[in-house]
Amino acid sequence: MTNYLEFEKPLAEIEGKAEELRALARANEEMDVEAEASALDKKAEALLSELYTDMTAWRKCQVARHPDRPHCRDYIEALFDEYTPLAGDRNFADDHAVMGGLARIGDVPVVVMGQEKGHDTKSRIERNFGMARPEGYRKAIRLMDLADRFGLPIVALVDTPGAYPGKGAEERGQSEAIARATERSLNVKSPVISVIIGEGGSGGAVALATANTVMMLEHSIYSVISPEGCASILWKDAEKMREAAEALRLTAQDLKELGVIDRIIAEPVGGAQRGRNETIAAVGRALEVELKALMKKADGDALLKARREKFLKMGSKGLAA
C-alpha cells in the first residue's frame, strides 16, 4: 500500500482510479479497461514528475521523513557483506537507535554505523524513532576508536530528527556525549564518509557527520533544528514551518551551494520511497567512489588535517547567495 504525502493527494486520486479499474477487470474477466488504466498511468507519471520538479524546502522535509524511505538497516543489509554488529557503550546500555559494527563494502573492510528509525510500530519504539541517547553516541565513539586502532575507513549513515531530549538522556550527559562523538570523529586518522539518507537533525546528526566527505540524498534534509522547532522559537507558531524550512536552507541543493556538503546523490522520480533498490544502489556506487578517492590519501595525518580544515572553513562559502 502506497503512503501518499500531503502534496501527493492529486496523484493518489489518479493512481487510485487506475487501480479501481483494474480491480473491476479482475472481478469481471469480460471487462477490458486496460486502455483507460494505461492512460491514467501515463497521467500519473507526468504528474509525479511535475510534483518532484523544483520542490519547496517544506516538501523536501516531508519526503525526507517518509516512512517508506530505506533506512540504515536496509543500506547495511544491501550494501555491506559480513556485517558483524557490535553492541553497547561498555558503560550503561545498548542504544538501539544507533546500530553499527564491522563489515565489508566490496573488498574493503570498514566500520559502518548509523541511526535506525525502525520500519513498523514495534521497531520504531524499540529504536526510539532514530533519536539516540548518550549511550548511542558513546557506542559510536567506541566504534570510531576501533576503526582508528586498526586503520579502517568509517561509513556513517545519518537519519535522525535529533538526539533524544528526554530527562534520563540529559541526566546521563547527552550534550557531552554528542560533543565527544564530534570530537572523536574530528580526530580519527581513518577516512570518514557520512551519508545523510533522510533527516539530519541538529547535533544528533553532526556527531556522525563530521567527515572527510559528507553526501546527501537529493531529497534529504540537514539542519541545526527542525522547521517546526525553528518556527516555534522565532514566531511562537509551529504552523509557520514552511517559512522556517525556506529560511533554514536545509535542502541538499542549498547545502552544496554553501559548502556544507560535498556531493548530492540523485533519487528516482518520486523519491527514495518509490525506488528503494535504485536509491540503495546509487548510495553504494557513491560510497565506492569516495572510499577509493580517500584511501589513496594513505597518510592519516593528512586526512585528519583535511577534515579539520574543511570544518574550520565552513560558513565562508555562498553566504552572499
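Before any of the text, the structure's been laid out above.
Throughout, a residue's number is its position along its own chain's written sequence, starting from 1. Since the coordinates come from a predicted model, pLDDT governs what is reported: local features require at least 70, and pairs of side-chain atoms require 80 or more to be given and counted, while whole-chain, interface and lining totals use all residues. Where side-chain values are given, they derive from all heavy atoms of the structure, hydrogens and water being excluded.

Trainee: Where do I start with the overall build of the chain in this structure?
Mentor: The helix count covers DSSP runs of H or I at least four residues long, the strand count covers runs of E at least two residues long, and both are numbered beginning at the N terminus. Summing up its helical and strand segments, the chain has 14 helices and 8 strands in all. Between the two quantities, the radius of gyration covers C-alpha atoms and the globule rule is 2.2 Å times the number of residues to the power 0.38. Relative to the globule expectation of 20 Å for 321 residues, the C-alpha radius of gyration of the chain, 21 Å, shows essentially globular dimensions. Considered along the principal axes of its C-alpha atoms, the chain spans approximately 70 × 50 × 40 Å. Three labels apply to residues, based on accessible area from a 1.4 Å probe with only protein chains included: buried if under 20% of the type maximum, exposed if over 50%, partly exposed otherwise in between. Evaluated residue by residue, the chain yields a buried proportion of 49% over its 321 residues. What makes two residues a contact is simply this: any of their non-hydrogen atoms within 4.5 Å. Sequence-distant contacts in the chain: of pairs separated by 6 or more residues, those separated by 24 or more amount to 71%. As displayed, the chain offers around 15,600 Å² of accessible surface, 53% of which is attributable to carbon and sulfur atoms. For accessible areas, the Shrake-Rupley method is used with a probe of radius 1.4 Å. Any residue's cover is judged against the shown protein chains and nothing else.

Trainee: Sorry, what's going on with the side chain of S220 here?
Mentor: Among the secondary structure elements, S220 is positioned in the loop between β6 (213–217) and β7 (221–223). One polar contact links the side chain of S220 to the main-chain carbonyl oxygen of I196, over a distance of 3.3 Å. A 3.5 Å cut-off defines polar contacts: any pair of N or O atoms within that distance qualifies, except that in protein one atom must be a possible hydrogen donor and the other a possible acceptor, and neighbouring residues in sequence count only when both atoms are side-chain atoms. A polar contact is formed between the side chain of S220 and the backbone oxygen of L217, at a distance of 2.6 Å. Residue contacts for S220: discarding those within four places in its chain leaves A64, R69, I196, I197, G198, L250, T251, A252 and E267.

Trainee: Is there a simple way to explain the packing of aromatic side chains in this structure?
Mentor: Between two aromatic rings, the relevant description is the distance of the centres plus the angle of the planes. Aromatic contacts are taken between Phe, Tyr and Trp rings whose centres are within 6.5 Å, Trp giving its six-membered ring; a plane angle under 30 degrees counts as stacked, one over 60 as edge-to-face, and the others as tilted. Here the structure, examined in full by the defined rule, presents 1 aromatic pair. Over the face of the ring belonging to Y164 we find R133, whose NZ or CZ atom lies 4.7 Å from the ring centre. A ring is considered to have a charge above it if a Lys NZ or an Arg CZ atom is located within 6 Å of its centre and within 35 degrees of its normal. Over the face of the ring belonging to F311 we find K310, whose NZ or CZ atom lies 5.9 Å from the ring centre.

Trainee: Any chance you could explain the packing of helix α4 (residues 72–79) against helix α13 (residues 276–295) here in plain terms?
Mentor: When two helices pack together, their arrangement is given by the angle between the helix axes and by the axis-to-axis distance. To obtain an axis, a line is fitted to C-alpha atoms, over the contacting stretch when the element is a helix, and the angle between two such axes runs from 0 to 180 degrees between their N-to-C directions. It is the contact of α4 with α13, at a shortest axis distance of 10 Å, that shows an interaxial angle of 70 degrees. Judged by the angle between their axes, α4 and α13 are roughly perpendicular. When the axes of α4 and α13 are compared, the crossing they make is right-handed. Taken together, the residues of α13 that come into contact with α4 (itself represented by D74, Y75, A78 and L79) are R276, T279, I280, V283, G284 and L287. All amino acids are sorted into three groups, where Ala, Val, Leu, Ile, Met, Phe, Trp, Tyr, Cys and Pro are nonpolar, Asp, Glu, Lys and Arg are charged, and the leftover types, Gly among them, are polar. Looking at the contact of α4 with α13, its residues break down into 6 nonpolar, 2 polar and 2 charged. Each angle receives one of four descriptions, namely roughly parallel if under 35 degrees, roughly antiparallel if over 145, roughly perpendicular if within 65 to 115, and oblique otherwise. With the far helix as reference, a near helix turned anticlockwise by less than a right angle produces a left-handed crossing, and one turned clockwise produces a right-handed crossing.

Trainee: Just checking my understanding: could you explain a nonpolar patch on the surface for this structure?
Mentor: Residues I233, L234 and W235 make up a contiguous nonpolar surface patch of roughly 330 Å² in combined accessible area. Within the secondary structure, L234 is located in helix α10 (residues 227–234). Any residue with relative accessible area above 30% and no salt bridge may belong to a patch, with like charges joined within 9 Å and the nonpolar Val, Leu, Ile, Met, Phe, Trp and Tyr side chains within 5 Å. Salt bridges are counted wherever a side-chain nitrogen of Lys or Arg sits within 4 Å of a carboxyl oxygen of Asp or Glu.

Trainee: Explain empty space enclosed by the protein to me, please; I cannot follow it from the model alone.
Mentor: Using a probe with the size of a water molecule, rolled over the atoms, empty space left in the structure can be pinpointed. Both cavities and pockets are sets of points on a 1 Å grid over the protein atoms alone; in a cavity a 1.4 Å probe fits but cannot get out, in a pocket the set is open with protein on both sides within 12 Å along at least five of seven lines, and lining residues sit with an atom within 4 Å of a point. Grid points are joined across faces, edges and corners, and a volume is the space filled by probe spheres set on the points. In this structure the tally under the stated criterion is 1 cavity of 30 Å³ or more. Approximately 60 Å³ is the volume attributed to the largest cavity. As for the largest cavity, its lining consists of R65, T160, P161, E199, G200, G201, I221, S223, I225, S226, P227 and L250. For the lining of the largest cavity, the secondary structure elements donating two or more residues are β5 (192–201) and β7.

Trainee: Sorry, what's going on with the pattern of salt bridges here?
Mentor: When their charged atoms lie close together, side chains carrying opposite charge are able to pair. Within the structure shown, the criterion is met by 26 salt bridges. Its salt-bridge partner being E15, residue R274 comes within 3.3 Å of it at the nearest N-O pair. With a gap of 259 residues between them, R274 in the loop between β8 (263–265) and α13 and E15 in helix α1 (residues 9–27) connect regions that are remote in the sequence. Look at R274 and you get partly exposed, because its relative accessible area is 33%. E135 is the partner of R172 in a salt bridge, and the nearest nitrogen-oxygen pair spans 2.9 Å. Here the residue R172 occupies a position in the loop between α7 (167–171) and α8 (174–187), and E135 occupies one in helix α6 (residues 134–150), the gap between them amounting to 37 residues. Accessibility expressed as a relative area gives 24% for R172, which makes it partly exposed.

Trainee: Explain the layout of surface pockets to me, please; I cannot follow it from the model alone.
Mentor: Taken as a whole, the largest pocket spans an internal volume of roughly 310 Å³. Every residue lining the largest pocket is counted, 14 residues in all, and those nearest its centre are Y222, S223, V224, L255 and V260. At the level of elements, α9 (202–209), β7 and α12 (252–258) are the ones that each hand at least two residues to the lining of the largest pocket. Looking at the lining of the largest pocket element by element, the count peaks at 3 residues for α9.

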